[in-house]
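Each chain is listed here by its residues.
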Amino acid sequence: MSKTGKKIAIVTGAGSGVGRAVAVALAGAGYGVALAGRRLDALQETAAEIGSDALCVPTDVTDPDSVRALFTATVEKFGRVDLLFNNAGTGAPAIPMEDLTFAQWKQVVDTNLTGPFLCTQEAFRVMKAQEPRGGRIINNGSISATSPRPYSAPYTATKHAITGLTKSTSLDGRVHDIACGQIDIGNADTPMAQKMKAGVPQADLSIKVEPVMDVAHVASAVVYMASLPLDANVQFMTIMATKMPLIGRG
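Values in this document were obtained by computation on a predicted structure and should not be read as measured data.

Right, let's talk about the layout of surface pockets for a bit. In this structure, the second largest pocket spans a volume of roughly 230 Å³. Taken together, 17 residues line the second largest pocket, and the ones lying closest to its centre are Lys-7, Arg-80, Asp-82, Gly-135 and Leu-230. Here the lining of the second largest pocket is built from residues that sort into eight nonpolar, three polar and six charged.

Shown next as structure tokens:
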């Protein structure tokens, strides 16, 4: 067990949206939580909703040294890591592919793909060595990986790659009692999804308002995935606003 007698989770992108909702829900389920994100003030706002057993660690998931420092700080405070929620992510402007700059492409790839890889590496190092060994990694994928929106090449490509990372992590983690699954989210009501209420491009480039769902349902789903014993795993879960135009998109 950890120093506090609780299971310990690291949540990246914990300063807002899905990350904040999941971090608060995990704390409510009895976890000690390390909150990772670029902005300390945003992490502190999340921590204020949690109270005790919250550790704020400003982190750049694209930087190997910063990720290493996150895991070091977590282990120093809590003694172990039972759960990693790879949630930090970003997108590029919704413009034609040929107009995207290399810098815009690289920022999305670095954050959405390299970041989860670096965090997974560190999680493996900790989870393999701790006693009792093992743990769980949950990756935040996206329904865009299989049903992309117009002008979303960087985001869609990285989220498609996350599915590959999830499968490889699940396979490579088996022998070390490390489980890995993925949650694909559609139209959770977060600051990032406010544009859905104003209207977003459809496959035919028409603009339509799309339904959203309470982000609390995403948090509950992640808590459920995390609650399973390590000999059981939700490999892939899709949670979405029921009436969003995903099924039949295009």
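Read on, since the account is not over.
A few words now on the packing of helix H1 (residues 17-28) against helix H7 (residues 215-227). Axis separation between H1 and H7 bottoms out at 8 Å; the angle between their running directions is 55°. As summarised for this structure, H1 and H7 are arranged oblique, according to the angle between their axes. Of the two elements, H1 crosses H7, and the hand of that crossing is right-handed. Mapping the contact onto sequence places Gly-17, Val-18, Ala-21, Val-22, Ala-25 and Leu-26 in H1 and Val-215, Val-218, Ala-219, Val-222, Val-223 and Ala-226 in H7. The residue makeup of the contact of H1 with H7, split by class, is eleven nonpolar, one polar and no charged.

Before going further, it helps to examine the side chain of Thr-74. Among the structural elements, Thr-74 can be located in helix H3 (residues 64-78). The class for Thr-74 is buried, based on a relative accessible area of 0%.

For the rest of this paragraph, the subject is the packing of aromatic side chains. Geometrically, a pair of aromatic rings is defined through the distance of the ring centres and the angle of the planes. Scanning all chains against the criterion turns up zero aromatic pairs. Across the ring face of Phe-78, the terminal group of Lys-77 is positioned such that the distance to the ring centre comes to 5.4 Å.

Taken in spatial order, the seven strands of this open sheet run S3-S2-S1-S4-S5-S6-S11, and their pairing is parallel. Since the sheet does not close on itself, it has two edges, and those belong to strand S3 (54-58) and strand S11 (236-240), each with one partner. On average, each strand axis in the sheet is tilted by 15° relative to the strand beside it, whichever way the strands run. As defined by bridge partners, strand S1 (residues 8-12) adjoins strand S2 (residues 32-37) across five bridges and the pair is classed as parallel. In the strand pairing of S2, Ile-10 is matched with Ala-34. Along the sheet, helix H5 (residues 153-173) contacts strand S5 (135-140), strand S6 (178-186) and S11; its crossing angle with S6, the most-contacted strand, is approximately 160°.

Another aspect to go through is the state of the cysteines. Here, disulfide denotes a covalent bond that connects the sulfur atoms of two cysteines. This structure, assessed with the given rule, holds zero disulfides. Cys-56 takes part in no disulfide bond, and the closest cysteine sulfur to it belongs to Cys-119, at a distance of 16 Å.

So, on to H1. For H1, which comprises twelve residues, the first-to-last C-alpha distance of 17 Å matches the rise-based estimate of 16 Å (1.5 Å per residue) to within 8%. Most of H1 sits inside the fold, with nine of its twelve residues counted as buried. Residues of H1 that are buried include every one of Gly-17, Val-18, Gly-19, Arg-20, Ala-21, Val-22, Ala-23, Leu-26 and Ala-27, and no others.

On to unusual backbone geometry, then. Comment: phi is negative for the bulk of residues other than glycine, and the bulk of peptide bonds are trans. For the bond from Glu-131 to Pro-132, the omega torsion is -5°, close enough to zero to count as cis. When you line up the elements, Pro-132 lands in the loop between helix H4 (102-129) and S5. The backbone of Leu-205 shows a phi angle near 70°, a positive value even though the residue is not glycine. The residue Leu-205 is located in the loop between strand S8 (200-201) and strand S9 (207-208) in this model. With relative accessibility at 47%, the residue Leu-205 sits in the partly exposed group.

Conventions and cut-offs
Counting of residues starts from 1 at the beginning of each chain's written sequence and follows it residue by residue. Local features in this predicted model are restricted to residues of pLDDT 70 or higher, and side-chain atom pairs are both shown and tallied only at a pLDDT of 80 or more, whereas totals for entire chains, interfaces and linings draw on every residue. Note that the side-chain values use all heavy atoms of the structure and ignore hydrogens as well as water. We place a 1 Å grid over just the protein atoms. Points where a 1.4 Å probe fits but has no way out form a cavity, open points with protein on both sides within 12 Å along at least 5 of 7 lines form a pocket, and any residue with an atom within 4 Å of a point lines it. Grid points are joined across faces, edges and corners, and a volume is the space filled by probe spheres set on the points. Throughout, the ten residues Ala, Val, Leu, Ile, Met, Phe, Trp, Tyr, Cys and Pro are labelled nonpolar, Asp, Glu, Lys and Arg are labelled charged, and all others, Gly among them, are labelled polar. Here, axes are lines fitted to C-alpha atoms. For helices the fit covers the stretch in contact, and angles between N-to-C directions go from 0 to 180 degrees. Secondary structure is summarised from DSSP: a helix means a run of H or I of at least four residues, a strand means a run of E of at least two, and numbering begins at the N terminus for each. Small angles under 35 degrees read as roughly parallel and large ones over 145 as roughly antiparallel, with 65 to 115 read as roughly perpendicular and the rest as oblique. Handedness of each helix crossing follows the sense of rotation of the near helix against the far helix: counterclockwise by less than a right angle gives left-handed, clockwise gives right-handed. Every residue pair with non-hydrogen atoms within 4.5 Å of one another is taken to be in contact. For each residue, the accessible area found with a 1.4 Å probe, counting protein chains only, is set against the maximum for its type, and the residue is called buried under 20%, exposed over 50%, and partly exposed in between. To pair, rings of Phe, Tyr and Trp, with the six-membered ring standing in for Trp, must have centres within 6.5 Å; the planes then decide the type, stacked if under 30 degrees apart, edge-to-face if over 60, and tilted in the middle. By definition here, charges over rings are those cases where NZ of Lys or CZ of Arg is within 6 Å of the ring centre and within 35 degrees of the ring normal. At least two bridges found by DSSP between two strands are what make those strands a pair. A pair of cysteine sulfur atoms is labelled a disulfide when the two atoms are within 2.5 Å. Helices are assigned an expected span. That span is 1.5 Å times one less than the residue count.

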